[in-house]
Amino acid sequence: MPMMSVPESPRPQGGPPPWSIDPALAQAIVDRSMAIIDCNINVMDARGVIVASGDPARLGQRHDAALLVIARQAPVEIGARTARQFGAAARPGVNLPLRVDGAVVGCVGLTGTPASMRPYAELVRMAAETMLEQARQTRMLSHDARLREELVLSLVRGEAPVPALRDAAARLGVDLHRPRVATILEVRADTLDANTLLGELQRLTTLLSAPGSGNLVASPSLTEIVVLTPALNAKGVWNLDWHRARAARLLARATEATGLSLCLALGRYFDGPDGLARSCRMARATLAVGRRLYPDRPVLFYQDMRLPVLLDGAHQDWRAEELRAPLRPLTEDARHAPLLHTLTTWLAHGMQQAATARALDLHRNSLDYRLKRIERICGVDLTRTEDIVALYLALQLAPPGG
């Protein structure tokens, strides 16, 4: 087959191809084919340049027969007499176009007499096109995944998607107007090496992005996955109980599929252009507070800890110190730990004496005695709403373990 040492050649008419041949993949095609067929094989790209060959010396050379194949988009056979027309270096052989998604992206050539190479050439071409098509599909899936991730990150930052992302969303079938709510999945994987963790995260992302789920998924870091999930149920209603059940199922499937230790936090649904950004901030805040207050709870909802989340940003403010003041006599003296536990349990049970006594395994008189001591030590009256609220707020702002 003819070769000339010309470094560059004009591209055939018709514009650049929609997909280019990866030299490493082309060399794999050559190596696999030559292990079966006893002849030299070359793969040329859309410029007619040899990008893979059984003869390394030919790499980078222009292949004039390939240019003819690409221009005609049809096979070209070079016999012994015809080869002389392409120069002294030319050799007989069969050259066939390589098509990917209907477009000619290159050429494959087998060195030898056309009659003997013809039966093998078609088989090599079919195998090469199959490998190239698989590579194209993989590349497209990877490209689409990156676009989806960019789209998610743009939405949770509160940015309006740029035209390119809006076009990509339309092509990918993503409805940007569908009501969604933000979920944050935190990955606790201190014992995993980076490669193992990356593999499990990929598995988890694939699971969360399953067709029909309606989810949009992105991984801002190795320890966090953002999932924008449909906000409304089949009746078109925001229903927290529906989301509780859905989150529990999702976490169970994710844990079973990956073996990762995961924690999930759900934000609240907000309408409007910045709704997903607000929902994501809320989910992150819920995760941060929940990790501190409920370290053993794998699923966290803002609605279950609204006040702690809203107060969390005030921890270092002077007003927070004032709010903590009524509780300080209990938190600063370890001897009063049972009283602090009693107060926490009493408030958690809606200030109901009977329920609190059962939870603490105390007699009602013993509970009354403890509550009287709390009033005396803290200087409050537990029959006054203002004092009860002050103690409740102080508990919400108390440091972990305080």
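These figures come from a predicted structure and were not determined experimentally.

Student: Account for helix 8 (residues 275–293), naming residues and giving values.
Tutor: Over its 19 residues, helix 8 runs 26 Å from end to end, which matches the ideal 27 Å to within 8%, given 1.5 Å per residue. Along helix 8, the residues that are buried comprise Gly275, Leu276, Ala277, Ser279, Cys280, Met282, Ala283, Thr286, Leu287, Val289 and Gly290. If you follow the buried residues of helix 8, they end up packed against helix 4 (114–156), strand 6 (180–188), strand 8 (224–230), strand 9 (261–266), strand 10 (299–301) and helix 9 (306–312).

Student: Requested: an account of the side chain of His243, with residues and values cited.
Tutor: Here His243 shows up in helix 7 (residues 240–258). Here His243 falls in the buried class, since its relative accessible area comes to 3%.

Student: Any chance you could break down helix 4 for me, citing the residues and the numbers?
Tutor: An α-helix turns once per 3.6 residues; consequently, residues spaced three or four apart project the same way. When the terminal C-alpha atoms of helix 4 are compared, their 60 Å separation across 43 residues agrees well with the 63 Å that a helix rising 1.5 Å per residue should span. Of all the bends in helix 4, the greatest, near 35°, is centred on Tyr120. Following helix 4 by one or two positions, Gly158 has its phi on the positive side, about 80°.

Student: Please provide a residue-by-residue account of the pairing of strand 4 (residues 93–100), values included.
Tutor: The element strand 4 is largely enclosed, with a buried count of 7 among its 8 residues. Note: strand 3 (residues 76–78) against strand 4, 3 bridges, orientation antiparallel. What sits directly across from Ile78, in strand 4, is Gly93. As judged from the 8 bridges shared by strand 4 and strand 5 (residues 103–111), these two strands associate in the antiparallel manner.

Student: Lay out the pattern of salt bridges in plain terms, naming residues and giving numbers.
Tutor: This structure, assessed with the given rule, holds 18 salt bridges. Linking Arg62 and Asp64 is a salt bridge whose minimum nitrogen-to-oxygen distance equals 2.8 Å. Here Arg62 matches Asp64 in class, with each residue buried. Asp101 is paired through a salt bridge with Arg136; the nearest N and O atoms lie 3.7 Å apart.

Student: Lay out the packing of helix 12 (residues 337–348) against helix 14 (residues 364–378) in plain terms, naming residues and giving numbers.
Tutor: For any two helices packed against each other, one specifies the inter-axial angle together with the distance between the axes. At a closest axis distance of 10 Å, the pairing of helix 12 and helix 14 adopts a crossing angle of 105°. On the basis of the axis angle, helix 12 is roughly perpendicular to helix 14. Mapping the contact onto sequence places Pro338, Leu339, Thr342, Leu343 and Trp346 in helix 12 and Leu367, Arg370, Leu371, Arg373, Ile374 and Ile377 in helix 14. For the contact of helix 12 with helix 14, a count of residues per class yields 8 nonpolar, 1 polar and 2 charged.

Student: Let's hear about unusual backbone geometry: which residues, and what values?
Tutor: Its identity as a non-glycine residue notwithstanding, Gln73 has a phi of 55°, on the positive side. In this fold, Gln73 is placed in the loop between helix 2 (64–72) and strand 3. Not every positive phi belongs to a glycine, and Asp361 is a case in point at roughly 60°. Take Asp361: it is sitting in the loop between helix 13 (353–360) and helix 14.

Student: So, the sheet that holds strand 5: which residues are in play, and what are the values?
Tutor: On the basis of which strands lie adjacent, the open sheet formed by 5 strands has the order 2-1-5-4-3 and antiparallel pairing. Bordering the open sheet on either side are strand 2 (50–53) and strand 3, each of which pairs with just one other strand. Direction aside, the axes of adjacent strands within the sheet are offset by 20° on average. Taken together, the 5 bridges between strand 1 (residues 41–45) and strand 5 define a ladder with antiparallel strand orientation. Across the sheet, residue Ile41 finds its bridge partner in strand 5, namely Leu110.

Student: Can you break down a positive patch on the surface residue by residue, with the values?
Tutor: Together, Arg268, Arg278, Arg281 and Arg306 line one region of the surface with positive charge. Looking at the secondary structure, you find Arg306 in helix 9.

Reading the values: the criteria
- Residues numbered from 1 in each chain as written.
- Predicted model: local features only at pLDDT ≥ 70, side-chain atom pairs only at ≥ 80, totals over all residues.
- Heavy atoms only, no water.
- Helix = DSSP H or I, 4+ residues; strand = E, 2+ residues; numbered from the N terminus.
- Expected span 1.5 Å × (residues − 1).
- Buried < 20%, exposed > 50% of the residue type's maximum accessible area, 1.4 Å probe, protein only.
- Contact = heavy atoms within 4.5 Å.
- Bend = angle between axes of the 7 residues up to and from the residue.
- Pairing = 2+ DSSP bridges.
- Salt bridge = Lys/Arg side-chain N within 4 Å of Asp/Glu carboxyl O.
- Axes fitted to C-alpha atoms, helices over the stretch in contact; angles between N-to-C directions.
- Parallel < 35°, antiparallel > 145°, perpendicular 65-115°, else oblique.
- Nonpolar A, V, L, I, M, F, W, Y, C, P; charged D, E, K, R; others polar.
- Patch = residues over 30% accessible without salt bridge, like charges linked within 9 Å, V, L, I, M, F, W, Y side chains within 5 Å.
- Areas by Shrake-Rupley, 256 points an atom, 1.4 Å probe, with all protein chains shown as cover.
- Lys, Arg positive; Asp, Glu negative; His and termini not counted.
- Charge placed at Lys NZ, Arg CZ, Asp CG, Glu CD.

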